[in-house]
Amino acid sequence: VVKIQTNSQGTHPGSSTDPALVRTVVEQCRLAGASGVRWLTWISGKYWERSNIAELSEASGASMVKVDSEDPDQWRKIEIPSAIVLPEVRVFKALWDCDVFISLPIFKDHIGSRFTGSLKNYMGASHPTDNRAFHPTFEGEDLAHMEQCIADLNTVVRKPDLIVADAMTILTSKGPFGPGDISSPQQVVAGTDRVALDAYGATLLGLEGTDVTMIRHSAEHGLGQIDLGALEIRRIANA
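Throughout what follows, the structure given in this document is the object of discussion. On a predicted model such as this, the values are computed, not experimentally measured, just so you know.

Moving on, we get to the overall build of the chain. Summing up its helical and strand segments, the chain has 8 helices and 10 strands in all. Relative to the globule expectation of 18 Å for 239 residues, the C-alpha radius of gyration of the chain, 17 Å, shows essentially globular dimensions. C-alpha extents for the chain along the principal axes are approximately 50 × 45 × 35 Å. The burial tally for the chain puts 49% of its 239 residues in the buried class. A sequence separation of at least 24 residues applies to 69% of the contacts in the chain between residues at least 6 apart. In the structure as shown, the chain presents an accessible area of about 11,000 Å², 48% of it carried by carbon and sulfur atoms.

Bringing the layout of surface pockets into the picture now. Taking a probe equal in size to a water molecule and rolling it over the atoms shows the remaining empty space. Reported here for the largest pocket is a volume of approximately 690 Å³. Lining the largest pocket are 21 residues, and of these Val188, Val189, Ala190, Arg234 and Arg235 sit closest to its centre. At the level of secondary structure, the elements contributing two or more residues to the lining of the largest pocket comprise β10 (187-191) and α7 (194-203). The biggest single contributor to the lining of the largest pocket is β10, with 5 residues. Counted by class, the lining of the largest pocket contains 12 nonpolar, 5 polar and 4 charged residues.

With that settled, consider the packing of aromatic side chains. In this structure the tally under the stated criterion is 3 aromatic pairs. On the basis of an interplanar angle of 50 degrees and a centroid distance of 6.0 Å, the ring pair of phenylalanine 101 and tyrosine 122 is categorised as tilted. Residue phenylalanine 101 is found in strand β6 (residues 100-104), and its partner tyrosine 122 is found in the loop between α4 (118-121) and α5 (128-134); the two are separated by 21 residues along the sequence. With a centroid separation of 5.6 Å and 35 degrees between ring planes, the pair formed by phenylalanine 107 and phenylalanine 115 is classed as tilted. Each member of the pair phenylalanine 107 and phenylalanine 115 is classed as buried. The ring of tryptophan 96 has arginine 76 lying over it, and the distance from NZ or CZ to the ring centre is 4.1 Å.

With that settled, consider the nonpolar core. Formed by 44 residues in total, the largest nonpolar core has its most connected members in Phe92, Leu95 and Phe134. Among the elements of the structure, β4 (75-79), β5 (88-92), α6 (140-154), β7 (162-167), α7 and α8 (213-220) are those that each provide at least two residues to this core. For this core, the element with the highest residue contribution is α6, accounting for 5 residues. Here phenylalanine 92 is in contact with Gln5, Leu40, Trp42, Val67, Gln74, Trp75, Gly124 and Ala125, once residues within four sequence places are set aside. Of all hydrophobic cores here, the second largest spans 14 residues; its members include Val2, Val26, Cys29 and Ala62.

Moving on, we come to unusual backbone geometry. Cis rather than trans, the peptide bond between glycine 175 and proline 176 has omega equal to 10 degrees. Structurally, proline 176 can be placed in the loop between β8 (170-171) and β9 (182-183). With omega at 0 degrees, the peptide bond leading from glycine 178 into proline 179 counts as cis. Positionally, proline 179 belongs in the loop between β8 and β9. The backbone of arginine 114 shows a phi angle near 80 degrees, a positive value even though the residue is not glycine. On the secondary structure map, arginine 114 appears in the loop between β6 and α4. Among the residues examined, arginine 114 registers a relative accessible area of 43% and is labelled partly exposed. Although it is not a glycine, lysine 174 sits at a positive phi angle of roughly 60 degrees. Mapped onto the fold, lysine 174 is located in the loop between β8 and β9.

Right, let's get into the pattern of salt bridges. As enumerated under the stated definition, the model contains 3 salt bridges in all. Note that arginine 90 is salt-bridged to aspartate 130, the shortest N-O span being 2.9 Å. Highlighted residues: arginine 90 in strand β5 and aspartate 130 in helix α5, separated in sequence by 40 residues. You can call aspartate 130 buried: its relative accessible area is 16%. One salt bridge connects aspartate 161 with arginine 158, and the closest N-O pair in it is separated by 2.9 Å. On the basis of relative accessible area, arginine 158 is assigned to the buried category, the value being 13%.

What counts as what
- Residues numbered from 1 in each chain as written.
- Predicted model: local features only at pLDDT ≥ 70, side-chain atom pairs only at ≥ 80, totals over all residues.
- Heavy atoms only, no water.
- Helix = DSSP H or I, 4+ residues; strand = E, 2+ residues; numbered from the N terminus.
- Rg over C-alpha atoms; globule rule 2.2 N^0.38 Å.
- Buried < 20%, exposed > 50% of the residue type's maximum accessible area, 1.4 Å probe, protein only.
- Contact = heavy atoms within 4.5 Å.
- Areas by Shrake-Rupley, 256 points an atom, 1.4 Å probe, with all protein chains shown as cover.
- 1 Å grid on protein atoms, 1.4 Å probe; cavity = no way out; pocket = protein on both sides within 12 Å on 5 of 7 lines; lining within 4 Å.
- Points joined across faces, edges and corners; volume = space filled by probe spheres on them.
- Nonpolar A, V, L, I, M, F, W, Y, C, P; charged D, E, K, R; others polar.
- Phe/Tyr/Trp six-rings, centres within 6.5 Å; stacked < 30°, edge-to-face > 60°.
- Lys NZ or Arg CZ within 6 Å of the ring centre and 35° of its normal.
- Core = buried A, V, L, I, M, F, W, Y, C linked by side-chain atoms within 4.5 Å.
- Salt bridge = Lys/Arg side-chain N within 4 Å of Asp/Glu carboxyl O.

This is the structure:
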C-alpha cells in the first residue's frame with residue numbers, strides 16, 4: 001500500500017502540484033504492483049477540488065484518506081527531543097500506516113520563507129491547530145518561529161520513501177497561492193533527501209539552500225545534505 005501527499009493551494013499556475021504528475025505517480029505505483037494508493041489529507045474536499053488533483057488521482061486508481069481532525073484516535077502526539085521551539089506536535093497516524101510513503105510537493109515562492117518544497121509539505125501532516133500556530137504572521141519573529149517549527153517537525157515525521165517534486169511551472173513571486181510571476185523549469189526532481197531536494201529547488205528561484213532558514217535549520221538538525229557540491233545529481237533529459 002502506497003500513501004501520497006501533495007501540495008494543493010489553488011488553480012493559479014505554479015501554486016499546486018501538477019495533477020498530471022500526481023496521476024503519473026499513481027499510475028506508476030499501480031504498474032509496479034501496489035495493491036492500493038491512498039491520498040492523505042485532513043483538509044476539506046472543496047479545498048482540493050480547486051486544482052482537480054482529487055478527481056485526477058482518483059481516476060487513476062487512488063482513493064482519498066480524509067483524516068478527521070476532531071478524532072484524537074487518528075493523531076499521534078509526538079514529543080520532539082531535539083526541538084528548538086516545537087516541543088511536541090500531532091501528526092496523523094495514517095502517515096505510518098502504509099508500506100511506502102511518497103511526498104509530492106511543488107517548488108515555489110513563499111511570502112514568508114521565500115521558498116517552499118518538500119520540508120514544508122509535511123505541515124500538511126500536522127494537526128490543523130498545530131499547523132495554524134506555526135505561522136500566525138509571516139513577519140519578524142513569527143517567521144523565524146515558523147521556519148524552526150518546520151525543521152523541528154521534520155525530525156519526527158516518517159521519512160519519505162520517495163520525494164517527487166514538481167518543478168514544471170512554478171510561482172516565483174506571491175506564493176504560495178498566487179497569482180504571481182511564474183517560470184517553467186520543466187523539471188521533475190526526485191530523491192529521498194528532503195534537505196538536498198529543497199536546496200536544489202531553491203536554486204530554481206535564484207536562491208541557495210543556505211538562504212532559506214528552514215532548509216538551513218533542517219540541515220543543522222542533521223536531516224540531509226545542504227551542500228549540492230557534495231552530491232551526485234543525475235540529470236535525465238526527455239528524448
